[in-house]
Amino acid sequence: MMIRLSENAGMAVLVLGLAAVLLALGVLQYRSSLQVSEATSEQMQASLRGSLMDMRMALERELTLICRDLQVRDTDSDMEIMTQLGGRVEQWRRAASHPELVSSVFVWQADAGHHQGLQLDPASGDFEKSNLPAQFEPLRQQLLQMSEFPSPPRGMLKPSFAPGSPAAIPPPQDSEFWMIDENIPALVHRVVKPGAAHPRHKAPAVTWIIVELNLQVLSQQILPELSQRYFGGKGGLVYQVAVLRGDAQPSVLYASGPGFANDAGTTPDASLTLFGPPMPMGGGLALAPPAGGRAGTGFRPMRSANGIGRLEPLRNSNDGDWKVVARHREGSVEAAVAGMRRRNLALNFGILLVLAVTMGLIVVASLRARKLAQLQMDFVANVSHELRTPLTGILSAAQNIADGVVDSPHQFTRYGSAIAGQAQQLSDLVEQILLFSATQKDRHRYNFETLPVSRLVDKAVSSLAATIHSSGFVVEKQIAPDLPQVRVDAKAFAQSLQNLIANAVKYGGEARWIGISASLETSSPQPEVAITVADRGIGVAASELSHIFEPFYRSPSVTSAQIHGSGLGLPLAKSMVRAMGGRLTAKSSPGNGSAFTIHLPPAGGIAEDSLATVTAKSDS
Ligand code: ADP
């Protein structure tokens with residue numbers, strides 16, 4: 001008993017320990033998922049910033065290729081400029097991946113006055129007089145002012161430093177200096193003519209090269225390619241990308257999807273200007289300073305990859321800033337990370353749950369195994385006891401005969417029948433064990449016959465008549481007339497009923513009464529023939545009722561009262577009744593007796609007259 005208690009305590013401690021470990025794992029899992037998602041969010045944002053910067057640099061590379069190829073040497077001769085340009089534009093077109101990107105090239109000088117410039121005729125490669133298009137007017141005004149200064153004065157270009165920053169680095173003056181008008185859009189370059197001084201400021205005269213860019217090629221070819229290259233993933237774009245112009249009411253130059261075009265400016269994960277200092281625009285993440293300069297403190301990268309000074313956005317396109325905005329396709333980086341975290345948590349908690357359930361099952365299984373082992377030990381003890389009692393009887397009878405104690409024929413008859421009775425008891429016990437083993441392995445064969453219940457009951461009672469009478473029991477039978485027959489295996493049914501009657505004798509107490517009744521029950525959904533064996537004996541406690549049908553189970557009260565048994569009678573009866581399509585139920589009240597009922601389906605349904613009889617009885 002002490003060992004069992006300490007074993008149970010050990011098991012309880014183990015279960016509690018494992019539950020605590022699982023709980024701790026769950027908490028750790030939850031906490032680490034928080035940290036992991038914070039790190040993932042930072043990592044995703046950093047990589048998003050990197051991709052935006054890459055896209056910006058790739059666009060700049062594409063445009064500065066034009067600048068590089070259309071670069072002309074400073075010269076006093078406009079003629080020379082045009083000759084150089086004509087050939088270079090042609091050369092660039094042949095090598096360019098998007099030859100349609102340049103839609104027209106103008107050469108314009110401020111002192112020529114008016115709007116007139118020279119436009120390149122792509123067919124002949126010659127320049128012809130042409131008015132600058134109307135949308136060039138703001139640009140023309142600005143170039144007019146800029147022509148008066150030896151270098152582009154401050155304020156002509158967009159500041160390349162954050163507002164409030166003390167140090168602004170003036171733009172370069174060299175001849176590789178290219179600007180971009182983001183409104184047209186157009187690339188603008190100044191060719192200084194050192195020989196020809198400006199009439200008013202004595203500054204060298206300048207000629208402007210204006211390369212008008214094809215907005216359609218940019219928005220329908222180059223920007224989609226770049227966004228695919230830098231934001232693409234296996235299942236399409238990981239980020240929704242758009243390029244906007246203007247800050248207050250931005251116009252959408254390109255959007256990766258129609259849905260994003262409408263609200264691209266409102267809630268992006270990150271944004272970046274495409275020209276000028278790399279600043280985040282509106283909402284979104286601040287950019288880390290790129291290599292080569294410090295964002296917000298006068299950043300000015302000196303040269304692009306093409307050896308051309310970086311494109312400087314012109315002041316006149318101040319409110320036409322180009323910016324690229326990106327938002328994660330799941331709504332935002334935070335939403336994507338939260339979704340990932342939810343999925344990870346669900347997976348991890350699912351695994352923990354499976355672990356907990358498995359642990360629970362193992363504990364239950366081990367408890368069951370221990371209980372079964374205990375029951376089997378009890379069974380061995382019981383059976384040994386059951387075997388020993390008749391064996392002792394046989395042995396002592398045989399000893400008496402051998403010792404010559406028995407001499408009269410009458411005594412011989414008595415000893416003979418005592419030995420036969422004990423041997424029968426032994427044989428019944430062995431038979432019961434073998435039968436139980438066969439039913440458990442589904443090896444028992446049933447031969448079904450349709451038989452009247454009264455005959456089956458009589459047979460079972462008469463086979464136990466000797467036991468019943470020797471124990472002084474009275475049997476009261478009540479078999480309803482016109483009871484439908486049942487389809488059973490006669491031997492199995494007899495065995496089941498005998499087990500119930502034998503129990504009534506063993507546990508029937510001082511009342512020494514056994515009631516056997518059979519009737520048709522129509523209260524359940526399917527009518528049943530109910531055969532009940534009742535006694536007025538010790539009864540079974542409610543807590544034990546569910547256990548008495550388990551193999552080897554014996555109530556502690558009957559073992560302590562030294563009532564013989566194997567714990568196999570009820571399980572055997574139950575499995576045989578079930579095999580015959582019926583069920584075995586029990587009702588009991590401790591001290592008042594028990595009633596065990598075999599419920600069987602009537603053979604071939606119920607005859608109308610049987611039902612009528614039952615109905616008539618219940619009416620009366
Ligand atoms: P056994 O009678 O050999 O112990 P059973 O399987 O027939 O085995 O019964 C299991 C247990 O059910 C018994 O040990 C006893 O505690 C209880 N039991 C069975 N029948 C009765 C009954 N008629 N009255 C009281 N208890 C019963």
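Cut-offs applied
Residues numbered from 1 in each chain as written. Predicted model: local features only at pLDDT ≥ 70, side-chain atom pairs only at ≥ 80, totals over all residues. Heavy atoms only, no water. Near = heavy atom within 4 Å. Polar contact = N/O pair within 3.5 Å; in protein donor to acceptor, adjacent residues only side chain to side chain. Areas by Shrake-Rupley, 256 points an atom, 1.4 Å probe, with all protein chains shown as cover. Helix = DSSP H or I, 4+ residues; strand = E, 2+ residues; numbered from the N terminus. Pairing = 2+ DSSP bridges. Axes fitted to C-alpha atoms, helices over the stretch in contact; angles between N-to-C directions. Contact = heavy atoms within 4.5 Å. Buried < 20%, exposed > 50% of the residue type's maximum accessible area, 1.4 Å probe, protein only. Salt bridge = Lys/Arg side-chain N within 4 Å of Asp/Glu carboxyl O. Expected span 1.5 Å × (residues − 1). Core = buried A, V, L, I, M, F, W, Y, C linked by side-chain atoms within 4.5 Å. Phe/Tyr/Trp six-rings, centres within 6.5 Å; stacked < 30°, edge-to-face > 60°. Lys NZ or Arg CZ within 6 Å of the ring centre and 35° of its normal.

### A word on the site of the ligand
In step 1: The environment of the ligand is formed by 21 residues, the closest being N503, Y507, R554, S566 and L570.
In step 2: In this structure, an oxygen atom belonging to the ligand sits 3.1 Å away from a main-chain N or O atom of G567.
In step 3: Compared with its free state, where it exposes 530 Å², the ligand has 99% of that area covered by protein.
In step 4: Counting only elements with at least two residues in the shell around the ligand, the list comes to α10 (490–507), α13 (569–579) and β20 (593–600).

### Digging into the sheet that holds strand β18 (residues 528–535)
Strand-to-strand pairing in sheets goes through backbone hydrogen bonds, with the strands running parallel or antiparallel.
In step 1: Read from one edge of the open sheet, five strands run β15-β17-β18-β20-β19, paired in mixed fashion. One side of each edge strand has no neighbouring strand; the edge strands of this open sheet are β15 (474–479) and β19 (583–589). Strand-to-strand twist across the sheet, computed as the mean angle between neighbouring axes with direction ignored, equals 15°.
In step 2: Two strands pair when backbone bridges link them, and β18 and β20 are joined in this way by six bridges, in the antiparallel orientation. By the bridge assignment for β20, A534 is matched with A595.
In step 3: Strand contacts of helix α8 (residues 453–463): β15, β17 (513–521) and β18, with the helix running at about 170° to β15, the strand carrying the most contacts.
In step 4: Each of β19 and β20 is contacted by α13, which is oriented at about 140° to β19, the strand it contacts most.

### Side note on the pairing of β18
In step 1: Within β18, eight of the eight residues are buried, leaving the element largely enclosed by the surrounding structure.
In step 2: Burial along β18 is two-sided: the face carrying E528, A530, T532 and A534 and the face carrying V529, I531, V533 and D535 are both buried.
In step 3: In this structure, β17 lies alongside β18, joined through eight bridges in antiparallel fashion. Bridged to E521 within β18 is E528.

### Some details on the pattern of salt bridges
Pairing between side chains of opposite charge can happen when the charged atoms of each approach one another.
In step 1: Counting across every chain of the model gives seven salt bridges.
In step 2: Here R140 makes a salt bridge to E137, at a shortest N to O gap of 3.1 Å. Highlighted residues: R140 and E137, both in helix α3 (residues 137–146), separated by three residues, approximately one helical turn.
In step 3: The exposure class assigned to E137 is partly exposed, which follows from its relative accessible area of 24%.
In step 4: Across the pair E528 and R583 runs a salt bridge, and its minimum N-O distance is 2.9 Å. On the criterion of sequence distance, the pair formed by E528 in strand β18 and R583 in strand β19 is long-range, its members being 55 residues apart.

### Looking at helix α7 (residues 409–440)
In step 1: With 32 residues, α7 extends 46 Å between its outermost C-alpha atoms, agreeing within 8% with the 46 Å of an ideal straight helix rising 1.5 Å per residue.
In step 2: The complete set of buried residues in α7 reads Y415, L426, L429, Q432, L435, F436, A438 and T439.
In step 3: Considering only its buried residues, α7 is in contact with α6 (333–402), α10 and α13.
In step 4: D442 sits one or two residues past α7 and shows a positive phi near 55°.

### As for the nonpolar core
In step 1: If you look at the biggest cluster of nonpolar residues, it comprises 55 residues, and the most contacted ones within it are I66, L85 and F231.
In step 2: Residue contributions to this core peak at 10 residues, all from helix α1 (residues 2–69).
In step 3: Those residues in contact with I66 that sit more than four places away from it in its chain are W92, L101, V102, L187, V211 and L213.
In step 4: Residues L429, F436, I468 and V577 belong to the second largest nonpolar core, which totals 50 residues.

### Digging into the packing of aromatic side chains
In step 1: Summed over the entire model, instances satisfying the criterion amount to six aromatic pairs.
In step 2: Relative to F448, the ring of Y446 has its centre 6.2 Å away and its plane inclined at 25°; by these criteria the two rings are stacked.
In step 3: Stacked on the ring of W513, the Lys or Arg R536 has its end atom at 3.7 Å from the ring centre.

### Brief notes about the environment of I598
In step 1: Within the element layout of this structure, I598 appears in strand β20.
In step 2: Residues I598 and A573, 25 residues apart in the sequence, show an inter-C-alpha distance of 9.0 Å.
In step 3: Here I598 is in contact with F493, S496, L497, L500, V529, A530, I531, V577, R583 and L584, once residues within four sequence places are set aside.

### Quick notes on the side chain of S566
In step 1: Of note, S566 is situated in the loop between α12 (556–560) and α13.
In step 2: A distance of 3.3 Å separates the side chain of S566 from the backbone nitrogen of L568, its partner in a polar contact.
In step 3: In this structure, S566 is in contact with F379, N382, V383, L429, Q432, F552 and R554, ignoring residues within four places of it in sequence.

So, to be careful, I would describe these as geometric facts and stop short of saying anything about function.
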